[in-house]
Amino acid sequence: MSNYFNTLPLREKLNQLGVCDFMDSSEFLDGVNALKGKKLVIVGCGAQGLNQGLNLRDSGLNIAYALRKEAIEGKRDSWKNATENNFTVGTYEELIPEADLVINLTPDKQHTAVVNSVMPFMKQGSTLLYSHGFNIVEEGLPVRKDITVIMVAPKSPGSEVRAEYVRGFGVPTLIAVHPENDPEGKGLVQAKAYCVGTGGHRAGVLKSSFVAEVKSDLMGEQTILCGLLQTGSILSFDKMVEKGIDAGYASKLVQYGVEVITEALKHGGITAMMDRLSNVAKIKAFEVSEELKTIMRPLFQKHQDDIMSGEFSRIMMEDWAAGDKNLLAWRAATGETAFEKTPAGNVQIGEQEYFDHALLMVAFIRAGVELAFETMVEAGIKPESAYYESLHETPLIANTIARKKLFEMNRVISDTAEYGCYLFDHACKPLLADFMTKVDTDLIGKNFNEGKDGSVDNRTLISVNEVIRSHEVETIGAELRKAMTAMKSIKTV
Ligand SMILES: NC(=O)C1=CN([C@@H]2O[C@H](COP(=O)(O)OP(=O)(O)OC[C@H]3O[C@@H](n4cnc5c(N)ncnc54)[C@H](OP(=O)(O)O)[C@@H]3O)[C@@H](O)[C@H]2O)C=CC1
Ligand SMILES: CC(=O)[C@](C)(O)C(=O)O
Ligand SMILES: [Mg+2]
Ligand SMILES: [Mg+2]
C-alpha cells in the first residue's frame, strides 16, 4: 500500500482535486429508491455511525450494525448506541454476507484492519461506503475489484448530521465514486440514494472525488473548524481572566458565544456576522482580523502543504503506531486548560452582548474562515467545496462547543480531526503570543461601544463593507445558500 495521491502525475492530481459539481435538487427526485429493500450494514456505531443510521432508518432504509466481537461481548458504547436505538446488531460473520451495502464508519486508523477483516465476508458485487477518503487516498488500500467503492461524506460532526435532519434540514455532503472500483457503474446512483437517506440533499451536495474530499476535509478540520476554534476559545478565555473579568462570565461568553456568533455566519455569511456589530466595532473587528490573517496565513499554508504532500498523514500514522501516544496526551492536556475546567457562570448574557463583548472572537472567525477558504482554493480545491468546509461547517462545530466545550467538540469529531486540531493549536498559540499582549478587554469581555459616540469615517466604513462583501466566500456562499431553503434557525441562548 502507498499514498494513492502521491502515485498520480501532477495533471491527474489537479484533475482529481478539481472534481466538484454542485448537484441540482432535480438529481435526487428518485430519493432512496435505489437502496429500498437493500440490506445496509454499518460497521461501527459512533459519531457518524449512529447518527447516519438513525437518519437512514427514518428515511425508510433497512439498517443493521455489524460490530466487532469485543464490542458486543463487552457491551461497549457502540453496542449500547445500537441496541438502545433498537437496531439489529450482529457480528461480521452474521451480517456482512447478506449485505448489499457495507458502510465503514470506524475510525480512520482502523480502516485497513476493518476493511481487510470485513472484505472476505462481502458478497460478490456488493458496495463499500466510506464517509472520509483517508483509507483510499492516504493509505491506498486496494479493494476487491468486484466491489463498488463509494463515499458519502457529511461536512458536519456526527451529532449535527442528526440534529439538522430532525429539524427537517440536513448538512452539506460530498459524494464520490472511487475510479478504481466501479465495476457495474452503479456507484453514483447508490451514493445519491444514500445521501438522500442522510438528508444531505436538503443542504447541498457536491459530486466530488475521494482526493478532493480528503485534501479539503483535513484542511478544514485542522484549521478553522477545530484548530482555530480551540485556540481562539482558550486565548479569549485566558485573556479575560488575566484582565480580571469574572471567570464564570468569561467561560459562558466563550462557550456559547462561538455558537451565537457563527449562527449569524450560517445564515448570511461573514457579511451578516460583521453586520451584527456597530459600525465602529465592525471597523475595529475588520482591522483585527486583517492582522490575524497576516500572522496566521503561513500556518494555514503549512497545514495545506503538509496535507497535499502526505506529510501530515505520515506523522499522524506514526502516532497510530505509537498507540495514539500524542493524541491521548494532547487530549488530556486540553482537558486541563482553565477554560475547560471553568463552568459557564450563572449569568445572563443577551444575544447581542455576545457580539458587542467579543470582537476578538468575531475577528478570529472572519480571519479563519477566509484564510481556510483562500488557502484551499489556492491549492486547487473548488470554491463550493471550500465554502462547505470552511464557512458552513463552522457553526455546526460551534454547536458542539456550546454543548460541552472543547471536550464535546473533540469527542464528536473524528480522531483524525482531533489530532490535526491539536497540531494547529500547538503551533498557533505561540504564533499569536505577541498579538495577544496587545489585546485588552475592549476586544474581549467588555462592551467595545462603551464610551464611544459611534461616529465613523464614511469612506472607511464603505471600504470595509466592500472588502467583506466582495470576498469570494461571500459570493459563492450567497449562491449555495439559495439552495438551503430548508435551513432552520437554531435556538442559541
Ligand atoms: N466524527 C465526525 O463527525 C466525522 C467523521 N467522519 C468519518 O467517519 C468515520 C467514522 O468516524 P467517527 O464516527 O468519528 O468514529 P467514532 O470514533 O465516533 O466511532 C468509531 C466506531 O468504530 C468502532 N471501532 C473502533 N475501532 C474498531 C475496530 N478496530 N473494529 C471495528 N470497529 C471499531 C467503535 O466502537 P467500539 O470501539 O465500541 O468497537 C465506534 O463504534 C471516519 O472515517 C471519519 O473520518 C466524517 C465526517 C465527520
Ligand atoms: C466533523 C468533520 O467534518 C470532521 C471535522 O471532518 C471530522 O470529524 O473528521
Ligand atoms: Mg469534515
Ligand atoms: Mg474529517
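Residues numbered from 1 in each chain as written. Chains lettered and ligands numbered in written order. Predicted model: local features only at pLDDT ≥ 70, side-chain atom pairs only at ≥ 80, totals over all residues.

Our next topic: the site of ligand 1. Close to ligand 1 lie 29 residues; Gly44, Gly46, Gln48, Ser78 and His132 are nearest. Here the shell around ligand 1 is built from residues that sort into 13 nonpolar, 12 polar and 4 charged. Here the shell around ligand 1 gathers at least three residues from each of two domains, domain 1 (21-207) and domain 2 (212-482). (Near = placed C-beta within 6 Å. Nonpolar A, V, L, I, M, F, W, Y, C, P; charged D, E, K, R; others polar. Domains from an automatic or database assignment.)

Attention now goes to the UniProt feature "domain: KARI C-terminal knotted" (unreviewed entry) in the protein chain. With numbering matched to this structure, UniProt assigns "domain: KARI C-terminal knotted" (unreviewed entry) to residues 209-353 and 354-487. End C-alpha atoms of residues 209-353 are separated by 42 Å, and the span's content is 83% helix alongside 0% strand. Secondary structure content for residues 354-487 is 74% helix and 0% strand, and the end C-alpha separation is 23 Å. (UniProt positions renumbered as here; feature names shortened; annotations may be inferred. Helix = DSSP H or I, 4+ residues; strand = E, 2+ residues; numbered from the N terminus.)

Bringing the site of ligand 2 into the picture now. Every residue near ligand 2 is listed here: Lys155, Ser156, Pro157, Asp217, Glu221, Leu225, Cys226, Glu393, Ile413, Ser414, Thr416 and Ala417. A breakdown of the residues in the shell around ligand 2 according to their chemical character gives 5 nonpolar, 3 polar and 4 charged.

Tracing the backbone shows Val177 in strand β8 (residues 173-177). With 23 C-beta atoms counted inside 10 Å, the residue Val177 sits in the buried group. Along the sequence, Val177 and His392 sit 215 residues apart, while their C-alpha atoms lie 24 Å from each other. With near-sequence residues (within four places) excluded, Val177 lies in contact with Ile150, Asp182, Gly187, Leu188 and Ala191. (Buried ≥ 20, exposed ≤ 12 C-beta atoms within 10 Å, placed from the backbone. Contact = placed C-beta atoms within 7 Å.)

Turning to the UniProt feature "domain: KARI N-terminal Rossmann" (unreviewed entry) in the protein chain, a few remarks are in order. Here the UniProt feature "domain: KARI N-terminal Rossmann" (unreviewed entry) sits at residues 17-208. In residues 17-208, the share of helix is 33% and the share of strand is 20%. The end C-alpha atoms are 9 Å apart.

Moving on, we get to helix α12 (residues 279-309). Along its 31 residues, α12 runs 43 Å from first to last C-alpha, staying within 8% of the 45 Å computed at 1.5 Å per residue. Positioned one or two residues after α12, Gly310 has a phi angle of 95 degrees, which is positive. (Expected span 1.5 Å × (residues − 1).)

This next bit is on the nonpolar core. Membership of the largest hydrophobic core comes to 147 residues, with the highest contact counts inside it found for Val41, Val102, Ile261, Ala358, Leu359, Leu360 and Val362. Residue contributions to this core peak at 15 residues, all from helix α10 (residues 210-242). Here this core spans two domains, and each of domain 1 (21-207) and domain 2 (212-482) adds at least three residues to it. Among residues more than four places away in sequence, those in contact with Val362 are Ile261, Met273, Leu277, Ala285 and Phe355. (Core = buried A, V, L, I, M, F, W, Y, C linked by C-beta atoms within 7 Å.)

Here we come to the environment of Thr83. Mapped onto the fold, Thr83 is located in helix α4 (residues 77-84). Separated by 18 residues in sequence, Thr83 and Tyr65 place their C-alpha atoms 9.3 Å apart.

Here we come to the domain arrangement of the protein chain. Split by domain assignment, the protein chain resolves into domain 1 (21-207) and domain 2 (212-482). Averaged C-alpha coordinates put domain 1 and domain 2 at centres separated by 30 Å. Residue assignment for the side of domain 1 that touches domain 2 shows that the elements contributing at least two residues are α7 (134-137), β7 (148-154), α8 (158-166) and β8. Considering each element in turn, the side of domain 1 that touches domain 2 owes the most residues, 3 residues, to α8. Considered class by class, the residues forming the side of domain 1 that touches domain 2 number 13 nonpolar, 6 polar and 5 charged.

Turning next to the packing of helix α2 (residues 47-58) against α8. For the pair α2 and α8, interaxial distance at closest approach is 7 Å and the crossing angle is 15 degrees. The angle between α2 and α8 falls in the class roughly parallel. Crossing hand, α2 versus α8: left-handed. For the pair formed by α2 and α8, the contact residues are Ala47, Gln48, Asn51, Gln52, Leu54 and Asn55 on the first element and Gly158, Ser159, Val161, Arg162 and Tyr165 on the second. Considered class by class, the residues forming the contact of α2 with α8 number 4 nonpolar, 6 polar and 1 charged. (Axes fitted to C-alpha atoms, helices over the stretch in contact; angles between N-to-C directions. Parallel < 35°, antiparallel > 145°, perpendicular 65-115°, else oblique. Left-handed = near helix turned anticlockwise from the far one by under 90°.)

What follows concerns the sheet that holds strand β6 (residues 127-130). A sheet is described by the order of its strands in space; here 9 strands give the open sequence β1-β9-β8-β7-β6-β5-β2-β3-β4, paired in mixed fashion. Looking at strand neighbours, the two that pair on one side only are β1 (21-22) and β4 (88-90), the edges of this open sheet. The sheet contact formed by β1 and strand β9 (residues 205-207) spans 2 bridges and is antiparallel. By the bridge assignment for β9, Phe22 is matched with Leu206. (Pairing = 2+ DSSP bridges.)

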